[in-house]
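Here are the chains, one letter per residue:
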Amino acid sequence: MTAIKNFLNKINNSGAKNIPLFTKWSILQTILAGGALVVIILKLCSGLELVTNLNDEWPWGLWVAFDVGILIATAAAGFTLAAIVYVFQIEKFKPLVRPAILIGTLFYTIAAIGIAVDLGRSWLIVHPLWKWNHESIMFEVGWCVMCYLTVLYLEFSHNLFERFHLKFAEKVHHAVFIPLVFAGICFSFLHQSSLGALFLIAPQQQPLWHDPESGYMFFVSAIALGLAVLTIFSVVTAKAWKMTLRMDILPKIGLIAAWVLLGYLAFRFFGLIHTGNISAFAFDEFGLMFFIEIGIGMILPMILLFMPKIRKNLTGLLTASGFIVLGIAVNRFMTLIVSHAGWRHAPYFPSGTELLFTLGLICGAMLVYRIAAKYLPLYTEHYNGIPNATQENHPEVVYETK
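Rules behind the numbers
For every chain, the first residue of the written sequence is number 1, and numbering continues from 1 along that sequence. Residue-level local features of this predicted model are given only where pLDDT is at least 70; pairs of side-chain atoms are given and counted only at 80 or more, and the full residue set underlies all totals for whole chains, interfaces and linings. Just so you know, side-chain values use all the structure's heavy atoms and leave hydrogens and water out. Here a helix means four or more residues in a row that DSSP labels H or I, a strand means two or more in a row labelled E, and each is numbered from the N terminus. The atom set for the radius of gyration is the C-alpha atoms, and the globule formula is 2.2 Å times the number of residues raised to the power 0.38. Type-normalised accessible area, obtained with a 1.4 Å probe on protein chains alone, sets the label of each residue: buried when under 20%, exposed when over 50%, and partly exposed for intermediate values. In what follows, residue pairs with any heavy atoms lying within 4.5 Å of each other are defined as contacts. Working definition of accessibility: Shrake-Rupley area with a 1.4 Å probe, residue cover restricted to the visible protein chains. What counts as an axis is a line fitted to C-alpha atoms, over the stretch in contact for a helix, and the angles between N-to-C directions run from 0 to 180 degrees. By definition in this entry, angles of less than 35 degrees are roughly parallel, angles greater than 145 are roughly antiparallel, angles of 65 to 115 are roughly perpendicular, and the rest are oblique. Left-handed describes a crossing whose near helix is turned anticlockwise from the far helix through less than a right angle; right-handed describes the clockwise counterpart. Any residue outside Ala, Val, Leu, Ile, Met, Phe, Trp, Tyr, Cys, Pro, Asp, Glu, Lys and Arg is labelled polar, Gly included; the first ten of those are nonpolar and the last four are charged. The salt bridge criterion pairs a side-chain nitrogen of Lys or Arg with a carboxyl oxygen of Asp or Glu, the two atoms within 4 Å. Here the nonpolar core consists of buried residues drawn from Ala, Val, Leu, Ile, Met, Phe, Trp, Tyr and Cys, with membership extended through side-chain atoms lying within 4.5 Å. Pairs of N or O atoms within 3.5 Å make up the polar contacts considered here, provided that, within protein, one atom can donate a hydrogen while the other can accept it, and that residues adjacent in sequence are counted only when both atoms are side-chain atoms. Expected span of a helix, by definition, is 1.5 Å for each gap between consecutive residues, and there is one gap fewer than residues. Patch membership needs two things, relative accessible area over 30% and no salt bridge, and members are linked within 9 Å if like-charged or within 5 Å if nonpolar (Val, Leu, Ile, Met, Phe, Trp, Tyr). pLDDT expresses how confident the predictor is about each individual residue, on a scale running from 0 to 100.

Engineer: Which residues make up the overall build of the protein, and what are the values?
Structural biologist: Across its full length, the protein holds 14 helices and zero strands. Tracing the protein from N to C terminus, the helices and strands come up as α-α-α-α-α-α-α-α-α-α-α-α-α-α. Against the globule reference of 21 Å for 402 residues, the protein gives a C-alpha radius of gyration of 22 Å, in line with a compact fold. Based on the C-alpha atoms only, the size of the protein along its principal axes is roughly 65 × 55 × 40 Å. Burial statistics for the protein: of 402 residues in total, 50% are counted as buried. If you take every contact in the protein between residues at least 6 apart in sequence, the share linking residues at least 24 apart comes to 81%. When the accessible surface of the protein is split by element, carbon and sulfur atoms take 71% of a total near 19100 Å².

Engineer: With reference to specific residues and values, describe the packing of helix α6 (residues 97-118) against helix α7 (residues 137-163).
Structural biologist: In the contact formed by α6 and α7, the axes pass within 9 Å of each other and the chain directions differ by 135°. What the angle tells us is that α6 and α7 run oblique. The chirality of how α6 crosses α7 is left-handed. Every residue of α7 that contacts α6 at Arg98, Ile101, Leu102, Gly104, Thr105, Tyr108, Thr109 and Ala112 is listed here: Val145, Tyr148, Leu149, Leu152, Tyr153, Glu155, Phe156, His158, Asn159 and Glu162. Split into classes, the residues belonging to the contact of α6 with α7 amount to ten nonpolar, five polar and three charged.

Engineer: Account for the pattern of salt bridges, naming residues and giving values.
Structural biologist: Tallied over the full model, the rule gives five salt bridges. For Arg98, the salt bridge goes to Glu162, with nearest N and O atoms at 2.9 Å. Here the residue Arg98 occupies a position in helix α6, and Glu162 occupies one in helix α7, the gap between them amounting to 64 residues. Note that Arg268 is salt-bridged to Glu293, the shortest N-O span being 2.6 Å. Of the two residues, Arg268 is situated in helix α10 (residues 250-275) and Glu293 in helix α11 (residues 285-306); the sequence distance between them amounts to 25 residues.

Engineer: Requested: an account of the nonpolar core, with residues and values cited.
Structural biologist: Among the nonpolar cores identified, the biggest contains 108 residues, and Trp63, Leu81, Phe107, Tyr108, Ile324, Phe357 and Tyr369 are the most heavily contacted of them. Sorting elements by how many residues they give to this core places helix α9 (residues 214-240) first, with 14 residues. Those residues within four positions of Leu81 in sequence are excluded, and the remaining contacts are Phe93, Leu96, Val97, Ala100, Leu227, Leu230 and Ile253.

Engineer: Lay out the side chain of Lys374 in plain terms, naming residues and giving numbers.
Structural biologist: Within the secondary structure, Lys374 is located in helix α14 (residues 352-375). There is a polar contact of 2.9 Å between the side chain of Lys374 and the backbone oxygen of Ile19.

Engineer: How would you summarise the environment of Glu170 if you had to cite specific residues and measurements?
Structural biologist: Secondary-structure assignment places Glu170 in helix α8 (residues 167-198). Taking C-alpha positions, Glu170 is 6.2 Å from His158, a pair spaced twelve residues apart along the chain.

Engineer: Which residues make up the packing of helix α4 (residues 62-74) against α14, and what are the values?
Structural biologist: At a minimum axis separation of 10 Å, α4 and α14 run at an interaxial angle of 20°. It follows that α4 is roughly parallel to α14 by the angle criterion. In the crossing of α4 with α14, the sense of the turn from one axis to the other is right-handed. Within the contact between the two elements, α4 uses Leu62, Trp63, Phe66 and Asp67 and α14 uses Thr353, Glu354, Leu355, Phe357, Thr358, Leu361 and Ile362. Its residues placed into classes, the contact of α4 with α14 shows seven nonpolar, two polar and two charged.

Engineer: Which residues make up α10, and what values go with them?
Structural biologist: Over its 26 residues, α10 runs 37 Å from end to end, which matches the ideal 38 Å to within 8%, given 1.5 Å per residue. Immediately beyond the C-terminal end of α10, within one or two residues, lies Gly276, with a positive phi of roughly 80°.

Engineer: Run through a nonpolar patch on the surface, naming residues and quoting values.
Structural biologist: A grouping of Leu119, Ile125, Val126, Leu129 and Trp130 is seen on the molecular surface, where their side chains present a nonpolar patch of about 430 Å² in accessible area. By the secondary structure assignment, Leu129 is in the loop between α6 and α7. The exposure class assigned to Leu129 is partly exposed, which follows from its relative accessible area of 41%.

Engineer: Outline the environment of Val126, listing residues and values.
Structural biologist: Mapping Val126 onto the fold places it in the loop between α6 and α7. Put simply, Val126 and Gly142 are 16 residues apart on the chain and 9.6 Å apart in space, counted from C-alpha to C-alpha.

Engineer: Which residues make up the side chain of Gln205, and what values go with them?
Structural biologist: By the secondary structure assignment, Gln205 is in the loop between α8 and α9. Reaching out from Gln205, the side chain makes a polar contact with the backbone oxygen of Trp209 at a distance of 3.1 Å. Only 2.9 Å separates the side chain of Gln205 from the side chain of His210, close enough to count as a polar contact. With sequence-adjacent residues up to four places away left out, Gln205 is seen in contact with Phe199, His210, Thr335, Ser339, His340 and Trp343.

Engineer: Go over the confidence of the model for the protein with me, naming the residues and quoting the values.
Structural biologist: Mean pLDDT for the protein: 85, with 91% of residues reaching 70 or above. Within the protein, α11 carries the highest mean pLDDT (95), whereas helix α1 (residues 2-12) carries the lowest (47). Ignoring residues within four places in sequence, the model shows residues 3-13, a span with pLDDT below 50, making eleven contacts including any to other chains. Low pLDDT, under 50, characterises residues 394-402; the predicted model gives this stretch 28 contacts beyond four residues in sequence or across chains.

Engineer: Go over the environment of Val68, please, and point to the residues and values.
Structural biologist: Examined against the element boundaries, Val68 turns out to sit in helix α4. Using a relative accessible area of 12% as the deciding quantity, one classes Val68 as buried. Residues Val68 and Ile110 lie 42 residues apart in sequence; the distance between their C-alpha atoms is 9.8 Å. The residues contacting Val68, other than those within four sequence positions of it, are Trp63, Ile115 and Leu195.

Shown next as structure tokens:
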């Protein structure tokens, strides 16, 4: 009993103790995460037909589009911030590195869960480990996802080592961290680009979302999405948990996202013009979605973030980040699902259980993030660079915004 009490005391004496663990939102998140667990059990017991509207005409639906297309892309903030701080040595972004890596780890994890559940025979997801098909692009995607998820857990593990005072493990982690960062960048580039390139083999697809360079476009747009999600997470958690809002850093994150979008748009339109696919634009439903993706989801937030007054304003920064999430989400849904709809005869719309599963996974990740923030040293560097901020006058790291 004494050992257990000491262990619990050790946990409670670190982390951000003033983050509430039980709130109406955490309870709701727990309920929805439980709903996702029920859907998993039903699927494993009765198959996809019971819990989805998928069929032979539509073998991929919401789960692939959202989990593979969107959630995996949000992890880009992890390798982007790690590269900025540890490769390019720009230390002012360091307070956001640990949260960015945790966001990437959690979203990658739930994306992997989503992929496993979406498979007809989920238990066969381990087959690529020893059944190699070198000519399959999905083989490369699967291996890179597994490798990068491993890298993310290794990058995040130093929070556990620091938390439980495992000095030797901390030293080993410190010694291999830079190679881990480089490995993360490589694996992310490989699987993000391969995922985009996968759809080049689709026999029938709307030309506006069929670009020979779509592999590179997936990687670049993932960086913009990851930075936008990190910004939204940072603002929401700061407001909800009464943390100091790092508006000295977040506008710079927004500016990086704006430059990334500029590069993405330049390559995207060059590809459309070079291939002649731009001629496929028409004032129809596809043209409307193209306008929402490019006009509202990319050009508009890029312009907003290039304006200092908007970028340094909390509302403006959040609005622009939200538009980026919208634009990349539309891009992924159009590429993975909707752009193929014109050549299919049966309609598809996600079932209630598909929606519950997706929402439940996200809520589960948010709940784990809350627990990690409360009990792990996730925010020990949160006050870095704030004038007169020290461990002594801010012992809990998290403190109220004045």
